[in-house]
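Summary of structural features
Letter by letter, the chains look like this.
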Amino acid sequence: MKISIKKISELTGYSPATVSNAISGRRTVSKEASDRILEAAREHGFLDHMQIKKIKFVNFKNSGTICTDTPFFTAVIEGVTKESQRLGYEVTLCTLSRQQKDYEAALEQLLNETGCAILLLATEMSPEDARPFESFAGPLVMLDCSMENMKFHTVYHSNTESMMQATEYLIACGHQNIGYLAGNIRIKNFLDRQAGYECVLARHGIALNPDHQFLLTPTVEGSYIDMNERLLSCRDLPTAFIADNDNIALGAIRALKQHGYKIPDEISVIGFDDVPFCTISAPALTTIHVHKEKLGQIALKRLAELIPDPDKDVVRTKIQVCNELVVRDSVKRL
């Protein structure tokens, strides 16, 4: 039978978290406990399984609305695949969904698996979702989300700073009345982007107008439907909107045009992500370009650095990949 952290926990009487910490060499475990756990691990062949043979790319889904088969997700996978092939690692894609009936069992099986490293796509993950992964004994890198007060190695992109740049650009174009198109599922990335938007408005002494902050479904079709409903009763609109992502921006633009608004002559719009459709939309969408493929490559490379000895880097690192504002045709200079 394949030995697991849970089994060692039962054999030694220590919790799975303590067993994981001892195997990982963390100082939070006493020497007495650590010696006992490691002895049991060696005796039952657990440490023999610790040689990393494969990488699991775990796509964590909560709602599934944001992290689905989008151009963003596809580009990240491409970056992961290219880097894994270059370094000679086998990567297995798997989905862990909060909506699946056997979620707890699937999570436990994943966390107790030996002989693999985990690249965790945490776009839809909350701190509560992430906490169980702290007990994983092998190498793990979190991708596309940065959690405070958690000791994960992380690769993410500049959400707050990028949204600050976009807001500053609108103000430089003469806009003072700037609304926000927020995803109605408030993932960490969206919250960080909104923080950047609000920071710049405060810096320029521009008051937030809650009537100009719309909660929309973060898909093109969902955003279009929600925006269309809002426009049926709302005629007092800002001169510009910033959206949490391109899907929201593109769906909202479709609704605005259907209601007779000219983009950007009457209302300017900025998105976030720079998905391929941005260049062929009418007008072409000004947005934040995320280096999606590079994000995947850097994350896989960082994970590969941890595999030979996951405990050599006791200081956890956060690698931030900078984004770029791409100016196209959806913003007007007033």
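Just so we're clear, the structure is a prediction, and the values are computed from it rather than from any experiment.

Each helix and strand in the chain was counted, giving eleven helices and twelve strands. Judged by the C-alpha coordinates and their principal axes, the chain covers about 75 × 35 × 35 Å. Put simply, the chain has 334 residues, and 54% of those count as buried. A total of about 15,000 Å² of accessible surface is found on the chain, and carbon and sulfur atoms cover 50% of it. Looking at the chain, you have 37 positive and 42 negative side-chain charges, and the mean spots of the two groups are 2 Å apart.

Sheet architecture is open: four strands sit in the order S7-S6-S8-S9, paired in parallel fashion. In the strand order of this sheet, the two ends are held by strand S7 (213-216) and strand S9 (268-270), each with one partner. Within this sheet the neighbouring strands show an average axis-to-axis angle of 20°, counted without direction. Each of strand S6 (178-183), S7 and strand S8 (240-243) touches helix H9 (residues 220-233); the most contacted strand, S7, lies at about 140° to it.

Within the secondary structure, Phe133 sits in the loop between helix H6 (127-130) and strand S4 (140-143). Overall, Phe133 belongs to the buried group, its relative accessible area being 1%. With 60 residues separating them in the primary sequence, Phe133 and Arg193 have C-alpha atoms 25 Å apart. Once you skip the residues sitting within four places of it in the chain, Phe133 turns out to touch Leu96, Leu107, Leu110, Leu111, Leu120, Met125, Leu140 and Phe152.

As for its position among the elements, Gly260 is in the loop between helix H10 (246-258) and S9. Linking Gly260 and Met163, residues 97 residues apart in sequence, is a C-alpha distance of 28 Å.

With 13 residues, helix H3 (residues 31-43) extends 18 Å between its outermost C-alpha atoms, agreeing within 8% with the 18 Å of an ideal straight helix rising 1.5 Å per residue. Every buried residue belonging to H3 is among Ala33, Ser34, Ile37, Ala40 and Ala41, and all of these are buried. Across the axial projection of H3, the buried residues extend over an arc of 135°, all falling on one side. Exposed positions of H3 whose direction lies more than 90 degrees from the buried face are Lys31, Glu32, Glu39, Arg42 and Glu43. The inward-facing, buried residues of H3 contact helix H1 (5-12) and helix H2 (16-23).

Before going further, it helps to examine the sheet that holds strand S11 (residues 318-321). A sheet is described by the order of its strands in space; here six strands give the open sequence S2-S1-S3-S4-S5-S11, paired in parallel fashion. The outermost strands of the open sheet, each flanked by one partner alone, are strand S2 (90-97) and S11. Here the average twist between neighbouring strands, direction ignored, is 20°. Relative to strand S5 (residues 153-157), S4 runs parallel, the two sharing three bridges. Within S5, the position partnered with Met142 by the bridge is Thr154.

About the criteria used
- Residues numbered from 1 in each chain as written.
- Predicted model: local features only at pLDDT ≥ 70, side-chain atom pairs only at ≥ 80, totals over all residues.
- Heavy atoms only, no water.
- Helix = DSSP H or I, 4+ residues; strand = E, 2+ residues; numbered from the N terminus.
- Buried < 20%, exposed > 50% of the residue type's maximum accessible area, 1.4 Å probe, protein only.
- Areas by Shrake-Rupley, 256 points an atom, 1.4 Å probe, with all protein chains shown as cover.
- Lys, Arg positive; Asp, Glu negative; His and termini not counted.
- Charge placed at Lys NZ, Arg CZ, Asp CG, Glu CD.
- Pairing = 2+ DSSP bridges.
- Axes fitted to C-alpha atoms, helices over the stretch in contact; angles between N-to-C directions.
- Contact = heavy atoms within 4.5 Å.
- Expected span 1.5 Å × (residues − 1).
- Arc of directions from axis to C-beta.

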